Amino acid sequence: MINRVRGTQDILPARFTDKTDAQIECWNLVEQTARDAFRLCGFEEIRTPIIERTELFERGIGTETDVNKEMYTFEDRDGERVSLRPEQTASVVRACIEHGMFNQPGLAKLFYIGPQFRRERPQKGRYRQFGQIGVEVLGQSDDPAIEAEVIEMLDWYLKQLRITGTELLVNSIGDENCRPAYIERLKEAIRQRLPQLCGSCNQRYETNPLRVLDCKIESCQPYLNELPVITDSLCEPCRAHFQSFTAMLDQRGIAYTLAPRLVRGLDYYTRTAFEIIGSQLGAQNTIVGGGRYDGLSQMLGGPPAKGFGFAFGIERMIMSLPDDAARSLKQVPDVFVAYIGERARKHSFELARRLREAGISAVVDLEGRKLKKSLAVANSLAARYALIIGDSEIDSSSYVLRDMTTGEQRNLSESDLIATLRN
Ligand code: HAM
């Protein structure tokens, strides 16, 4: 037998799996609710390739980031290095540059839904192929109203899904004017603590000191708490931007927690960074991650442009849903058509076609089963009704409709049948 690749999932109809984040009904709910919420705020969909030139991610998300080290990269036959996308912000910005979208007046407000790939150690809520839904606002404005509106939309989205118990963490990580001096101060403070800090902190000190702040190791926490925070070192424009952003969240009644150690795992961020964490997820508790990335366009060889956005993991969003979220979404046939004999079998196919034309989902037994076995299949599909057809039903143009929950049976003409099933 050939099994699926480690860290990947098959998404199945719910009746084949108990694992909610592997149920297609949950995926459809999360995706459709996102489409509805984004449409209300004027976002348009973009689809970019799953495979991109490796250089895009090296320049975009940085070579010394975890995400970059986890990429699936290979050399194509012509020697070109390509990667499965580990995230989509860099791809969206590339597409905007490539198609001259920055030349259009106004903001490009885009969203995407699709798989991403990271070769991480699989665990609960962490996969090597996972779904992301993301939003990016790109253009010439860096007005904090963009941040506030996008976060308000997210807040609305979570409410639509009835997800509770989440926490919004916000921070500013400064820009190219104030961050370099802060990083020097940070490095100096870390250097004094290196012997007490873990191996990964020691490594990050050399390659990406800001990421030391993100260490989750218990024994490092007391030392990390002593390190200087960037919010005390912001330049005046960054401070004003952050103040204005949080004031706009206040105006909208959106609760948040200031998280001065929140730094995010990708190099392209400037100023606002945020995450939404959940209570039901265990170690991988970040559902949403996002922030501002002014200048990413230039890093990728494009015109000067600003950007802000977020992405969330579809699996993690599903794991945060209330227990009954998907129950009503199970796809069940309106009616299962069972028959007795060859003549009734032919008649069933014709009748099923007319039912479907009337918008009724009808499943006909295709395996020539005996009536009892047919009804057992109807049961396992959770069909609302079964229709039973034999010679006498055809002759009298009257069908037996059986309610699969109550077992009650009624004789109905075709037009009454359609009227009943449509209800
Ligand atoms: P990220 O924080 O790397 O940001 O990922 C965003 C979300 O994707 C995470 O919060 C998590 O829910 C989900 N995720 C990440 N890795 C995995 C995994 N291995 N398994 C399951 N879920 C995962 C970005 O990707 C940025 N592009 C977000 C962004 C958009 N920033 C600005 N615009």
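Procedures and definitions
Residues numbered from 1 in each chain as written. Predicted model: local features only at pLDDT ≥ 70, side-chain atom pairs only at ≥ 80, totals over all residues. Heavy atoms only, no water. Helix = DSSP H or I, 4+ residues; strand = E, 2+ residues; numbered from the N terminus. Rg over C-alpha atoms; globule rule 2.2 N^0.38 Å. Buried < 20%, exposed > 50% of the residue type's maximum accessible area, 1.4 Å probe, protein only. Contact = heavy atoms within 4.5 Å. Areas by Shrake-Rupley, 256 points an atom, 1.4 Å probe, with all protein chains shown as cover. Lys, Arg positive; Asp, Glu negative; His and termini not counted. Charge placed at Lys NZ, Arg CZ, Asp CG, Glu CD. Near = heavy atom within 4 Å. Polar contact = N/O pair within 3.5 Å; in protein donor to acceptor, adjacent residues only side chain to side chain. Nonpolar A, V, L, I, M, F, W, Y, C, P; charged D, E, K, R; others polar. Domains from an automatic or database assignment. Pairing = 2+ DSSP bridges.

Visitor: How would you explain the overall build of the chain if you had to name every residue and give the values?
Guide: Of regular secondary structure, the chain possesses 15 helices and 16 strands. Rg of the C-alpha trace for the chain: 27 Å, well past the compact-globule value of 22 Å for 423 residues, more than 25% over. Referenced to the eigenvectors of the C-alpha coordinate spread, the extents of the chain come out at roughly 90 × 50 × 50 Å. Within the span of the chain, comprising 423 residues, buried residues form 52% of the whole. Across the chain, contacts joining residues at least 24 apart in sequence account for 68% of those joining residues at least 6 apart. When the accessible area of the chain is evaluated, it comes to approximately 20900 Å², of which 48% is carbon and sulfur surface. Measuring between centres, the 55 positive side-chain charges of the chain sit 4 Å from its 59 negative side-chain charges.

Visitor: Describe the site of the ligand, with residues and values.
Guide: Residues in contact with the ligand amount to 27 residues; listed here are only the nearest, E87, E120, Y127, Y269 and I287. Taking T89, its side chain carries an N or O atom lying 2.8 Å from a nitrogen atom of the ligand. T286 is positioned such that a nitrogen or oxygen atom in its backbone is 3.2 Å from an oxygen atom of the ligand. At the level of elements, β6 (129-139), β10 (286-292) and β11 (306-313) are the ones that each hand at least two residues to the shell around the ligand. Here the shell around the ligand gets 6 residues from one element, more than from any other, and that element is β10. By residue class, the composition of the shell around the ligand is 11 nonpolar, 9 polar and 7 charged.

Visitor: Can you lay out the domain arrangement of the chain for me, pointing to particular residues and giving the numbers?
Guide: With domains assigned, the chain is organised as domain 1 (14-178 + 234-326) and domain 2 (332-422). On a C-alpha basis, the centres of domain 1 and domain 2 stand 47 Å from each other.

Visitor: Describe the pairing of β6, listing the residues and the values that go with them.
Guide: Judged by how many residues are buried, β6 sits mostly within the fold: 10 of 11 residues are covered. One ladder, built from 10 bridges, connects strand β5 (residues 108-117) with β6; its direction is antiparallel. Each bridged residue has a counterpart across the sheet, and for Y112 the counterpart in β6 is G134. For β6 and β11, the ladder comprises 8 bridges, and the chain directions are antiparallel. By the bridge assignment for β11, E136 is matched with G309.

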